[in-house]
Amino acid sequence: MSRLWAKVAGLFRSKSFIGADKTGNKYFSRMEEIDVKEKRWVVFRREEDPTSVPVEWICWLNGQRKRAPTPEEMAELEARRERVKLNVARLKREEEERKAREGTGRKITSIGKVEGPDLSSFVRHFPPDSKGDKPEEASEEADQSRTTEPSGSGSSFRPGTWQPPS
């Protein structure tokens, strides 16, 4: 009963404002006397959107960080992320220019998408008679040649024609 009373009393206890992020989400903490543990939570500015919480604040909420991120640290990390984005764009441009100079004939339209394989060399390995088979002829022959026992070998063998007795 005392735990229940402590939790109810904890709701009215003062909470500590820890900080806010650039989207306006506010972060709070409160020390729980029963669990002797710090409770941490976020109050979203607009609708509840967990994707709007920065990684550093997620780490603090989960207890992976002891101290909350400072505004200076957040500004420094944001500047670093911008530098990385600019470097990626620059490297992508340089790669496209290099490919154009080499004359590969293929232009990179987007990163992360892969074109399908070139199957023309693979198809050349099949004999020409396999291209001319008509599906209806093959199915008629298969129906006529089905038996209860497997038979045929060599040139008369047709894969998939034998069916086990039902």
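Conventions we followed
- Residues numbered from 1 in each chain as written.
- Predicted model: local features only at pLDDT ≥ 70, side-chain atom pairs only at ≥ 80, totals over all residues.
- Heavy atoms only, no water.
- UniProt positions renumbered as here; feature names shortened; annotations may be inferred.
- pLDDT = per-residue confidence, 0-100.
- Helix = DSSP H or I, 4+ residues; strand = E, 2+ residues; numbered from the N terminus.
- Pairing = 2+ DSSP bridges.
- Axes fitted to C-alpha atoms, helices over the stretch in contact; angles between N-to-C directions.

The chain appears in an unreviewed UniProt entry as NADH dehydrogenase [ubiquinone] 1 alpha subcomplex subunit 12 from Brassica napus. Quoted verbatim from the Function (unreviewed entry) field of UniProt, the annotation for the chain is "Accessory subunit of the mitochondrial membrane respiratory chain NADH dehydrogenase (Complex I), that is believed not to be involved in catalysis. Complex I functions in the transfer of electrons from NADH to the respiratory chain. The immediate electron acceptor for the enzyme is believed to be ubiquinone." In its Subcellular location (unreviewed entry) section, the UniProt record describing the chain reads: "Mitochondrion inner membrane".

A. The confidence of the model for the chain, seen in detail. Here the chain shows a mean pLDDT of 77. Residues at 70 or above account for 67%. No element of the chain has a lower mean pLDDT than helix H5 (residues 129-132), at 52, and none a higher one than helix H3 (residues 71-102), at 93.

B. Main features of the sheet that holds strand S3 (residues 37-43). Pairing is antiparallel across the open sheet formed by 3 strands, whose spatial order is S1-S2-S3. Edge positions in the open sheet fall to strand S1 (16-20) and S3, since each of these has one partner strand only. Neighbour-to-neighbour, the strand axes of this sheet turn through a mean angle of 25°, independent of strand direction. As defined by bridge partners, strand S2 (residues 26-32) adjoins S3 across 7 bridges and the pair is classed as antiparallel. Bridged to Glu32 within S3 is Lys37.

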